[in-house]
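# A structural walkthrough
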Amino acid sequence: MQSIQDQIESLASTLKGLAFVRVITHYDADGISAGGVLCRALHRAGVRFHCTMLRELKAPDPEWWSDSDLVVMLDMGSSVIEAMAQHGRSAILDHHTLNGSGEAPPNVVHINPRMHGIDGTTGACGSTLAYLVAEAMDPANVDLAPYAIGGMIGDRQFVGGFSGLNTGILERAIAAGEVEVVKGLPLFGTTVSEALELSNDPFYIGLSGEPDNVDAFLREIGIDPSSTVEDVESDPVKASILMSRLALRLVDQGTALENVKETFMDKYRFPKLHTDGFMLSNVINSTGRLGVPGVGLSVVMGDPAAMEEGSRTRAQYRRNVQVGLIGLRDRTTALERVQYFTNTVPNMGGALSGLGVSYILDPHRAAIAFTESGKDLKISGRATRALVSQGLDLADALSKASGTVGGVGGGHPIAAGATIPADRKDEFLQALDDALIAQVGLVPN
Ligand SMILES: [Mn+2]
């Protein structure tokens, strides 16, 4: 088998010789960043392109091959190699789980780090691979590394530390002056008051979404609300007072201890773009979530007007999530090992159950959001790492419980989903609670 470096270099030289490339990518932060980085490299090389961002990949569309020389699929596709091969010449750059060996027919280039012993969770994602192709097309494309890093952060590749191909990209980007790694506060915004007021991760009860309370809180601890986040970060005394007071608030509101962060974190500053990796990833993610992924793509393509609009979608998306989180505790019902609530905003269930169980709901119980979808209920479930380490497996429990009422479910031990007939909700909840109790017992007194 060819090495992944050889695969990337050979795809890069192929791309430079083509007239028109069709790019298909996922609508999340990683997929949009990957698409933007590759399209920008194609544009610089004088290759025409057309980019489509998909919410989910059902089956490849034959139209993609109608007038293009090559279809490049990013951040997905490892599960549809054969179908792609039947339609025509394709390249698939994915980092998700493989079906079988991943071997592809001769008209498909299949690049997946998992086939080369590289971790697809921390070592490479869609934007990693798209960036490496762009860099192989022209080393001057190193100025696109910040967008790739935004995509890696959006994919949560940094959790547990970047590894594999990501590490090398970070090193080269630092050497080129595109990125600076600095220790900073887990706060994102221009002023410290804006950052706190818009904070959902963590969600601070009484501060998030409450600007008057934020200003009073900051004044009480001697911080001018109009100071920038960087002003506070550069004053170690103020920064540590702020961090310890915020940590105390999280403890008081019953946040799972694993989510009480009192320490500084690595931030990835992009001096030439006047932003950082977490901000950029939030901006791009929000455009996909609000149904305008083209704005996110234009941000990555370097359009300053898109960046302005992206800042507005970021604020709007955060407000939407906040509306769901404010008062969530009062709208949540607890059984023994499960707690559940109704969500009314499509595609928001996972964010609410995840942020809910992390910061404001009971950390001893898995959190379940029910979202109506025609005659069905869609279920998004999240647990804590502590529960998973005690043996809780939400994917297994959701799969069993949905199966007993004629639904389907699955996912990961800490984050899973299901779909069930709407009229069997109570029966499903009982089966889910039973399955979770069988895994981790009753809540200790
Ligand atoms: Mn991805």
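The subject of this paragraph is the overall build of the chain. Each helix and strand counted, the chain has 17 helices and 14 strands in total. Computed over the C-alpha atoms, the radius of gyration of the chain is 23 Å, within 12% of the 22 Å expected from 2.2 N^0.38 for a compact globule of 445 residues. Over its C-alpha atoms, taken along the principal directions, the chain stretches across nearly 65 × 55 × 35 Å. Here the chain holds 445 residues, and 49% of them are scored as buried. Taking the intrachain contacts of the chain between residues at least 6 apart in sequence as the baseline, contacts between residues at least 24 apart amount to 63%.

This brings us to the nonpolar core. Val37, Leu38, Val72, Ala130 and Leu432 are the most contacted members of the largest nonpolar core, which has 126 residues in total. No other element matches helix H2 (residues 29–44), which puts 8 residues into this core. Ignoring any residue separated from it by four or fewer positions in sequence, one finds Leu432 in contact with Val338, Ala397, Leu398 and Ala401.

One turn of an α-helix holds 3.6 residues; hence residues three or four places apart share an orientation. When we look at burial in helix H8 (residues 211–220), the residues that qualify are Val214, Phe217 and Leu218. Projected down its long axis, H8 carries its buried residues within an arc of 95 degrees, all on one side. Seen from the buried face of H8, the exposed residues on the opposite side, beyond 90 degrees, are Asp212, Ala216, Arg219 and Glu220. Buried residues along H8 sit against helix H7 (192–197). In the segment just after H8, Gly222 is the residue with positive phi, at about 80 degrees.

Within helix H14 (residues 349–360), 10 of the 12 residues are buried, leaving the element largely enclosed by the surrounding structure. Burial in H14 covers these residues: Gly349, Ala351, Leu352, Ser353, Leu355, Gly356, Val357, Ser358, Tyr359 and Ile360. The secondary structure elements touched by the buried residues of H14 are helix H10 (236–252), helix H13 (304–325), strand E10 (338–343), strand E11 (366–373) and strand E12 (376–382).

Attention shifts here to the sheet that holds E10. The 6 strands are arranged E9-E10-E11-E12-E14-E13 in an open sheet whose pairing can be described as mixed. Strands at the two margins of the open sheet, each flanked by one partner only, are strand E9 (333–334) and strand E13 (408–411). Pairing of E12 with strand E14 (residues 415–421), which is carried by 7 bridges, proceeds in the antiparallel orientation. In the sheet register, Lys378 faces E14, and the bridge partner there is Thr419. Relative to the sheet, helix H17 (residues 425–440) contacts E10, E11, E12 and E14, its axis offset from that of E10 by approximately 145 degrees.

Let's shift gears to the environment of Gly356. Looking at the secondary structure, you find Gly356 in helix H14. Of the residues examined, Gly356 has 24 C-beta atoms within 10 Å and is grouped as buried. Along the sequence, Gly356 and Ile326 sit 30 residues apart, while their C-alpha atoms lie 9.9 Å from each other. Leaving out residues up to four positions away in the same chain, Gly356 has contacts with Leu325, Leu328, Leu361 and Ala367.

Along its sequence, the chain is carved into domain 1 (4–176), domain 2 (183–271 + 294–324) and domain 3 (328–439). One C-alpha centre belongs to domain 1, the other to domain 2, and the line joining them spans 32 Å. Between domain 1 and domain 2, the residue contacts involve 12 residues of the former and 7 residues of the latter. Of all the secondary-structure elements, those providing two or more residues to the side of domain 1 that touches domain 2 are H2, strand E2 (48–54) and helix H5 (145–154). A total of 7 residues in the side of domain 1 that touches domain 2 trace back to one element, the largest contributor, which is H2. Here the residues of the side of domain 1 that touches domain 2 are counted per class, giving 8 nonpolar, 3 polar and 1 charged.

The rules behind the values
Just so you know, the residues in each chain are numbered from 1, in the order the chain's sequence is written. Reporting of local features is limited, given that this is a predicted model, to residues whose pLDDT is at least 70; pairs of side-chain atoms are given and counted only at 80 or more, and all residues count toward the totals for whole chains, interfaces and linings. A helix here means a DSSP run of H or I that spans at least four residues, while a strand means a run of E at least two residues long, and both kinds are numbered starting from the N terminus. Here the radius of gyration uses the C-alpha set of atoms, whereas the globule reference equals 2.2 Å times the residue count to the power 0.38. Residue burial here comes from a neighbour count, namely the number of other C-beta atoms, placed from the backbone, that lie within 10 Å of the residue's own C-beta, with 20 or more meaning buried, 12 or fewer meaning exposed, and in between meaning partly exposed. Here, residues touch in the contact sense if the C-beta positions derived from the backbone fall within 7 Å of one another. Think of a nonpolar core as buried Ala, Val, Leu, Ile, Met, Phe, Trp, Tyr and Cys residues, each tied to the set through C-beta atoms within 7 Å. Think of the arc as the fan of directions from the helix axis to the C-beta atoms. Here, any two strands with at least 2 DSSP bridges between them count as paired. With axes taken as lines fitted to C-alpha atoms, and helix axes fitted only over the stretch in contact, angles between N-to-C directions fall between 0 and 180 degrees. Delimitation of the domains relies on an automatic or database domain assignment. Residues were grouped as follows: Ala, Val, Leu, Ile, Met, Phe, Trp, Tyr, Cys and Pro as nonpolar; Asp, Glu, Lys and Arg as charged; and all remaining residues, including Gly, as polar.

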